[in-house]
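An overview of the molecular structure
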Amino acid sequence: MTENPGPLLGPAEIRQLAERAGLRPTKTLGQNFVLDGGTVRKIVRQAQIEPGERVVEVGPGLGSLTLGLLEAGASVVAVEIDPVLARLLPSTIAAHQPDAAARLTVVGADALDVRELPGQPPTALVANLPYNVSVPVLLTFLERFGTLERVLVMVQAEVADRLAAPPGGRVYGVPSAKVAWYASARRTSTIGRSVFWPVPNVDSALVRLDRREPPVTAATREQVFAVVDSAFAQRRKMLRSALAQLAGSPEAAVRALEAAGVDPQSRGERVDIDGFARIATALAAQRPAEAAAAPGTVDR
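Anyway, here's the lowdown on the structure attached to this text. Every chain begins its residue count from 1, and numbering advances along the sequence as written. Owing to the predicted nature of the model, reporting of local features is limited to residues with pLDDT of at least 70; listing and counting of side-chain atom pairs is limited to 80 or more, with chain, interface and lining totals taken over all residues. Water and hydrogen atoms play no part in the side-chain values, which are based on all heavy atoms of the structure.

Counting its secondary structure elements, the chain contains 12 helices and nine strands. With the C-alpha coordinates of the chain rotated into their principal frame, the extents come out at 80 × 40 × 30 Å. Reported accessibility uses the Shrake-Rupley method at a 1.4 Å probe radius. Residues are deemed covered only where the shown protein chains occlude them. Here the chain has roughly 14100 Å² of accessible surface; of this, 51% comes from carbon and sulfur atoms. Computing the positive centroid from 33 side-chain charges and the negative centroid from 31, the chain places the two 5 Å apart. Helical segments are the DSSP runs of H or I of at least four residues, strand segments are the runs of E of at least two, and each set is numbered from the N terminus. The charged-residue count follows a simple rule in which Lys and Arg add positive charge and Asp and Glu add negative charge, with His and chain termini not counted at all. Charged side chains are reduced to one point each, which is NZ for Lys, CZ for Arg, CG for Asp and CD for Glu.

What follows deals with the nonpolar core. Formed by 61 residues in total, the largest nonpolar core has its most connected members in Leu-125, Leu-138, Phe-141, Val-224, Phe-276 and Ile-279. The dominant element in this core, judged by the number of residues it contributes, is helix H12 (residues 273–293), at seven residues. Residues are treated as being in contact if the distance between any of their heavy atoms lies within 4.5 Å. In contact with Phe-276, not counting residues within four places along its chain, are Tyr-172, Ala-177, Val-224, Val-227, Val-228, Ala-231, Phe-232, Gly-268 and Val-271. Joining through side-chain atoms within 4.5 Å is the link that ties buried Ala, Val, Leu, Ile, Met, Phe, Trp, Tyr and Cys residues into a set, and such a set is a nonpolar core. Relative accessible area decides the class of each residue, using a 1.4 Å probe on protein chains only: under 20% of the type maximum gives buried, over 50% gives exposed, and in between gives partly exposed. Among the nonpolar cores identified, the runner-up in size contains 38 residues, and Ile-49, Ala-74, Leu-85 and Ile-93 belong to it.

Oppositely charged side chains can pair when the atoms bearing their charge come close. Any carboxyl oxygen of Asp or Glu within 4 Å of a side-chain nitrogen of Lys or Arg constitutes a salt bridge here. Across all of its chains, the model carries 12 salt bridges by this definition. Among the ionic pairs, Asp-229 bridges to Lys-178, the shortest N-O distance being 2.9 Å. Of this pair, Asp-229 sits in helix H8 (residues 221–233) while Lys-178 sits in helix H7 (residues 174–182), and the two are 51 residues apart along the sequence. For Arg-221, the salt bridge identified is with Glu-222, shortest N-O distance 3.0 Å. A relative accessible area of 19% places Arg-221 in the buried class. Taken together, the shared-partner salt bridges connect Glu-53, Glu-149 and Arg-150 into one network.

A few words on the pairing of strand S4 (residues 104–108). In this sheet, S4 lies alongside strand S3 (residues 75–80) in parallel orientation, the contact comprising five bridges. Across the sheet, the residue bridging to Ala-78 is Val-106, located in S4. Orient the strands so they point away from the viewer; a crossover is then right-handed if the path from the first strand over the helix to the second runs clockwise. In terms of handedness, the path from S3 via helix H4 (residues 83–96) over to S4 forms a crossover that is right-handed. For two strands to pair, DSSP has to find at least two bridges joining them.

Before going further, it helps to spend a moment on unusual backbone geometry. Here Trp-197 and Pro-198 are connected by a cis peptide whose omega angle stands at -10 degrees. In this fold, Pro-198 is placed in the loop between strand S8 (196–197) and strand S9 (204–211). For Gln-48, which is not glycine, the phi torsion reads 55 degrees and is therefore positive. With respect to the helices and strands, Gln-48 occurs in the loop between helix H2 (37–47) and strand S2 (54–58). On the basis of relative accessibility, which here comes to 48%, the residue Gln-48 falls in the partly exposed class.

On to the environment of Asp-210, then. Position of Asp-210 among the secondary structure elements: in strand S9. Taking relative accessible area as the criterion, Asp-210 reaches 24% and is therefore assigned partly exposed. C-alpha of Asp-210 to C-alpha of Arg-162: the two residues are 48 residues apart in sequence and 16 Å apart in space. Asp-210 has contacts with Glu-149, Arg-150, Tyr-182, Ala-183 and Ser-184, leaving out every residue within four places of it along the chain.

Another aspect to go through is the environment of Ser-249. Relative to the helices and strands, Ser-249 resides in the loop between helix H10 (244–247) and helix H11 (250–259). Among the residues examined, Ser-249 registers a relative accessible area of 22% and is labelled partly exposed.

Between the alpha carbons of Gln-48 and Val-151 there is a distance of 9.9 Å; along the sequence they are 103 residues apart. Here Gln-48 is in contact with Glu-53, Arg-150 and Arg-208, once residues within four sequence places are set aside.

What follows concerns the packing of H2 against helix H3 (residues 64–71). Between H2 and H3, the shortest axis-to-axis distance is 9 Å and the interhelical angle comes to 50 degrees. Looking at the two axes, H2 sits oblique to H3. In terms of crossing hand, the pair formed by H2 and H3 is right-handed. Contacts between H2 and H3 involve Val-40, Arg-41, Ile-43 and Val-44 from the former and Ser-64, Leu-65, Gly-68, Leu-69 and Glu-71 from the latter. Throughout this entry, Asp, Glu, Lys and Arg are counted as charged residues, while Ala, Val, Leu, Ile, Met, Phe, Trp, Tyr, Cys and Pro are counted as nonpolar. The remaining residues, Gly among them, count as polar. Along the lines of polarity and charge, the residues of the contact of H2 with H3 split into five nonpolar, two polar and two charged. Only C-alpha atoms enter the line fits that serve as axes; for helices the fit covers just the stretch in contact. Angles between N-to-C directions range over 0 to 180 degrees. If an angle is under 35 degrees, it is roughly parallel; if it is over 145, roughly antiparallel; if it lies from 65 to 115, roughly perpendicular; otherwise it is oblique. Left-handed describes a crossing whose near helix is turned anticlockwise from the far helix by less than a right angle; the clockwise case is right-handed.

Here is the structure:
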């Protein structure tokens, strides 16, 4: 480590930190560390972090992005599954930005298990997400932390395309629709492979999400997501067939689709999140009526 370290990590420092901790980046945990300070500042800039803002970072790794967030004046709660990295992070921050050390809180846990975060609720999520869990982590945090106003994440380029895809194309699918329940999403930048260590086999991209109100519906989010899952389980099927099991029969699926104003012969890739919400509402309304009409039903 250099005697007078700067506010961000450089390539040599990252490798020195990893060597000192006995770390070898693993594919299992999707560890690809950002070497380039310019990329770190680009992420922070696109996230529009304000001084004093509470930010949650998932998978801080060796601390490259954490230092960028702290440099911008954020208060950071970092969720790290690797115990070695979790223990190393505070000393790295103290070495590079000693005045910012008090603004860092480390939570040693699997992000998918986190239901509460210490301190003030975060208003932003900024992260270089591990490729193998990027979508589950993103959806989990959007669900559990309603205070998140915006998200800026670096993910595999293919995943970025899916998250930001509008209805009507082959890329649009379950992640696109479920993210749209919580936020508007757009791909903002492509990130080259050379800024990572180790160099990944795929390109990366930044995706910006801005929280919005979910569709107005009498159905629950779980019911809407069940429709989304069924619609794309066999995406080449028409919706009247794809939703038959969920609805109870093809006929019931057709009735619900028509009530929702959706063509029963269309496919899931043509339906936006508002359409899925209408379908879920129609299915939910249909079930009590079918139960009341069933033979042998007795009012109690």
